[in-house]
Amino acid sequence: MRIIVALKPTYDVSQLKFDSEGVPLLDTCPVTLGEADKCALEEALKVKESLGATVVAVTVGQSEAHIKGIKDALAMGADEGYIIKIKNAWNISSITVANAIARFAVVTGPYDIVFTGSGAGDTHSSIIGPMVSALLGYRLVANADKVEVKEQKAKAKCTMEDGTYNYEVQFPAVITVTSEANEPRIPTLKAILRSKNMQVKEIGPEQLDLSVEEYKDIKVIKHMVERKRVIMEASDQKSAEESVIKLLTFLKDEGVI
Amino acid sequence: MFLPGRELAEKVSGLYGEIYYSDLGPFDPLAYVSALYEVASSFSADIAVFPCTGKGRVLAGLFSAKNSRSTATDVYRVESKENSLVVRRLVYGGKAEANLELNLPATLCLLQGSYAEAEANLTSRINEVSKQNQSCRVEFIPKKVEGIEPDKAEVVVVGGRGIKTKEDLKMIMELAGLLKGAWSVTRPLAVDEGWSETWIGITGLTVSPKLYIGIGVSGQPHHMMGARSSKIVVAINSDRNAPIFEECDYGIVGDLYVVVPEMIKRLKNVK
C-alpha cells in the first residue's frame, strides 16, 4: 500500500502575541506540525505496521519550518519526505496548496490513501483534504476521530455538528483525521539520529506543472472584540455574594436575563 | 439555495427565489457535492456560500476545487468589488483577523452570527435534483440533545477544565435551566473526559447567544472561536491571568464552587 501524508507546519496560536499596534509577532511564535497533522501521520504509520505500506510525507513550502516538519515526520517513521518548493507558502491560496498536493500525488503515485489533518493549527479552514479529494477524484472521509484500515477499504467514525457518521470507503481515498484520533508517537533518540541521514527531497512547482496563486496585501491584525472587561473579586464568601449580586444586576440592565 | 431534502427546502420557502433539493440521506460528501455541481451547472454563480460548520467546510472544499474557485473560510464580513470580493476572516484560532481579496468566482464559508438572519417574502420555486450515486457506506447516529441545543439558545452556560467531576456538571445544568438556556462544555471535557457529546469551539459547535457564561473556562483561542460572537460574555474563573478575562464583559475572579452556588441561590430567590 502507498500512502501520502500531507503536513503543514503552523504557528502555535496559543503562544501568539501582538505588538501595541495589533500586529502579530510571528517571528517569536513557535512553529510546529499541527496536532491533527501529526495524528494523520500516526494513522499512516499504524497502517505501515499492520498491513505494510510506504509512507510519503509532503509539505508545501520551503522555509526552515517546512524542512524541520518533514524531518520530524521522518523521525516518527515516514519512509520518504518531500518539500514542494514554493516561496511565501504562508500567503498562497488554499487551491494552490491543494493543487500542489494533488499534482504531487499524480507525479509520484499511484497512492491508495492520502491522509491529512482535519484542520491546520493556525487557519483551521479544513478544506484542503476535500479539495485534494475533488482534484484527484478520490473518495473522501472528513474529520475522522477513529480510523480502521483494511486491505482495500477503510472504516472511520466521524463527528459532525449533527451527530456521528460511520463510513466505509473503498480506496483510493482522502482521509482527514482529527486531533482526537490517536496519541501521535514521540520519536526515540535512535529514530531521530537515523532520520538525520535521511534526505528531505525537493520538488519544484515546474515539475508539477503548477501555477501559484499568491494573495497580495494580506493584512493581519489582532481581532478586537469590544468587551467591557468589568472584573469583580470573589476571594471569600462575602465578596462572592457581593460580586454575584452586582453581576446579576449588570446582566438585568443589559437585558440578557 | 440548495438543501439535502424536500422538508428542509420547504422550511426556507419565501426566503429564496429558486430552491433546489435532493433527498440525499445521511451525509455522503461526494453524493452531496455532485448534486451541487448539477445545480451550479444550470447557472453561473459568482459567489457560493456555505455555513462554517464541519459539513459546510467539506462541501466548500469539494465544490470550489472542481472549478478552481478562490475560497475563504471563517469569513464574517464581505465587501463586493467589480470582479472580486474583499473579505475579512478570522485566523490564528480567532486571535487575529485577515483582510483578503478573492477573485470571482469565489466560495465563502460564513461564520454563524456574522449577519442577521434574512427576512423575505419571495415567491419560491422548489426544484428537485435527482438522487446521486453513493460514494461510500454511511451509518448515521444523530446526537442526543439534552434540553435546549446550545447553537439555538439565547443563553449558553459552559463548563471548562475548572469543573472537577462529572457530578459537578449538574451545577452548570442547573444554572442553565434557571436562565432558560442551554449548557455545554469545552473540548477536553467532551473528548478527554467523555462528559458530553458536543462541545463549543472550532472543532465543535459555534454559538452566538445573547449571554455566554464561561465557568472554569480559561479561554483558549480554539474554544473562544466558537463563542466569540456572543453578545455578552461572562467569565468565572479562579485564575486572574486566564485569557478569558481579556475578552469578557463581566468577570468574577474566584472559586467557581463558591460563586456558582451563590448565583443559583440568588436566581432561585428571585423566582
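Source: prediction; values computed, not measured. (Residues numbered from 1 in each chain as written. Chains lettered and ligands numbered in written order. Predicted model: local features only at pLDDT ≥ 70, side-chain atom pairs only at ≥ 80, totals over all residues. Heavy atoms only, no water.)

Caption draft 1: Summary view of the overall build of chain A. A count of helices and strands for chain A gives six helices and 13 strands. With the C-alpha coordinates aligned to their principal axes, the bounding extent of chain A is approximately 65 × 40 × 40 Å. Going through the 257 residues of chain A one by one, you find that 53% of them count as buried. Of the contacts formed within chain A by residues at least 6 apart in sequence, a portion of 71% connects residues at least 24 apart. For chain A, the accessible surface area stands at approximately 11,600 Å², while carbon and sulfur atoms represent 50% of it. Each charge class in chain A can be summarised by its mean position, and for the 31 positive and 36 negative side chains these summaries are 4 Å apart. (Helix = DSSP H or I, 4+ residues; strand = E, 2+ residues; numbered from the N terminus. Buried < 20%, exposed > 50% of the residue type's maximum accessible area, 1.4 Å probe, protein only. Contact = heavy atoms within 4.5 Å. Areas by Shrake-Rupley, 256 points an atom, 1.4 Å probe, with all protein chains shown as cover. Lys, Arg positive; Asp, Glu negative; His and termini not counted. Charge placed at Lys NZ, Arg CZ, Asp CG, Glu CD.)

Caption draft 2: A look at the sheet that holds strand 4 (residues 70-80) of chain B. Across the sheet, which stays open at both edges, the six strands sit in the order 12(A)-6(B)-5(B)-4(B)-7(B)-3(B) with mixed pairing between neighbours. Each of the sheet's edge strands pairs with one partner strand only, and the pair in question is strand 12 (219-222) of chain A together with strand 3 (47-51) of chain B. The mean angle between the axes of side-by-side strands here comes to 45°, regardless of whether they run parallel or antiparallel. In this structure, strand 4 of chain B lies alongside strand 5 (residues 84-91) of chain B, joined through five bridges in antiparallel fashion. (Pairing = 2+ DSSP bridges. Axes fitted to C-alpha atoms, helices over the stretch in contact; angles between N-to-C directions.)

Caption draft 3: Structural view of the packing of helix 6 (residues 237-254) of chain A against helix 7 (residues 256-270) of chain B. Where helix 6 of chain A contacts helix 7 of chain B, the two axes come as close as 9 Å, and the packing angle between them is 50°. Regarding the angle of helix 6 of chain A to helix 7 of chain B, the classification is oblique. Judged by the sense of rotation from one axis to the other, the crossing of helix 6 of chain A with helix 7 of chain B is right-handed. On the side of helix 6 of chain A, the interface is formed by Gln237, Ala240, Glu241, Val244, Ile245, Leu247 and Leu248 of chain A, while helix 7 of chain B contributes Val258, Val259, Glu262, Met263, Arg266 and Leu267 of chain B. Residue composition of the contact of helix 6 of chain A with helix 7 of chain B, by class: nine nonpolar, one polar and three charged. (Parallel < 35°, antiparallel > 145°, perpendicular 65-115°, else oblique. Left-handed = near helix turned anticlockwise from the far one by under 90°. Nonpolar A, V, L, I, M, F, W, Y, C, P; charged D, E, K, R; others polar.)

Caption draft 4: Region of the structure containing the interface of chain B and chain A. At the interface, 81 residues of chain B touch 73 residues of chain A. Both sides together, the interface formed by chain B and chain A hides about 6,700 Å², and carbon and sulfur atoms give 60% of it. The largest contributions to the chain B side of the interface with chain A come from Tyr92, Lys95 and Tyr250 of chain B, which together make up 12% of the buried area. One can count six salt bridges joining chain B with chain A. Measuring nitrogen to oxygen at the nearest pair gives 3.2 Å for the salt bridge that ties Arg240 of chain B to Glu233 of chain A. Here chain B is connected to chain A by 44 residue pairs in polar contact (both at pLDDT 80 or more). Looking at side-chain class alone, the side of chain B that touches chain A contains 40 nonpolar, 19 polar and 22 charged residues. (Buried area = accessible area lost by both parts, 1.4 Å probe. Salt bridge = Lys/Arg side-chain N within 4 Å of Asp/Glu carboxyl O. Polar contact = N/O pair within 3.5 Å; in protein donor to acceptor, adjacent residues only side chain to side chain.)

Caption draft 5: The nonpolar core, seen in detail. Within the largest apolar cluster, 94 residues are counted, with the highest numbers of intra-cluster contacts made by Val5, Ile84, Phe104, Phe115 and Ile175 of chain A. Among the elements that make up this core, the one with the highest residue count is helix 3 (residues 94-108) of chain A (eight residues). Those residues in contact with Val5 of chain A, other than ones at most four positions away along the chain, are Ala40, Leu41, Ala44, Val55, Val56, Ala57, Val58 and Phe115 of chain A. Counting residues in hydrophobic clusters, the runner-up holds 38 residues, among them Ala234, Val244 and Leu251 of chain A together with Leu256 of chain B. (Core = buried A, V, L, I, M, F, W, Y, C linked by side-chain atoms within 4.5 Å.)

Caption draft 6: Local environment of unusual backbone geometry. Of note, the bond from Gly109 of chain A into Pro110 of chain A is cis; its omega dihedral lies within 30 degrees of zero at 5°. Of note, Pro110 of chain A is situated in the loop between helix 3 and strand 6 (113-117). Here the bond from Leu104 of chain B into Pro105 of chain B is cis, since omega is 0°, no more than 30 degrees from zero. Its place among the elements puts Pro105 of chain B in the loop between strand 6 (96-103) and strand 7 (106-110). Even without being glycine, His124 of chain A reaches a positive phi, approximately 50°. A relative accessible area of 10% places His124 of chain A in the buried class. Residue Ser126 of chain A is not a glycine yet carries a positive backbone phi of 60°. According to the relative accessible area criterion, Ser126 of chain A is buried, its value standing at 16%.

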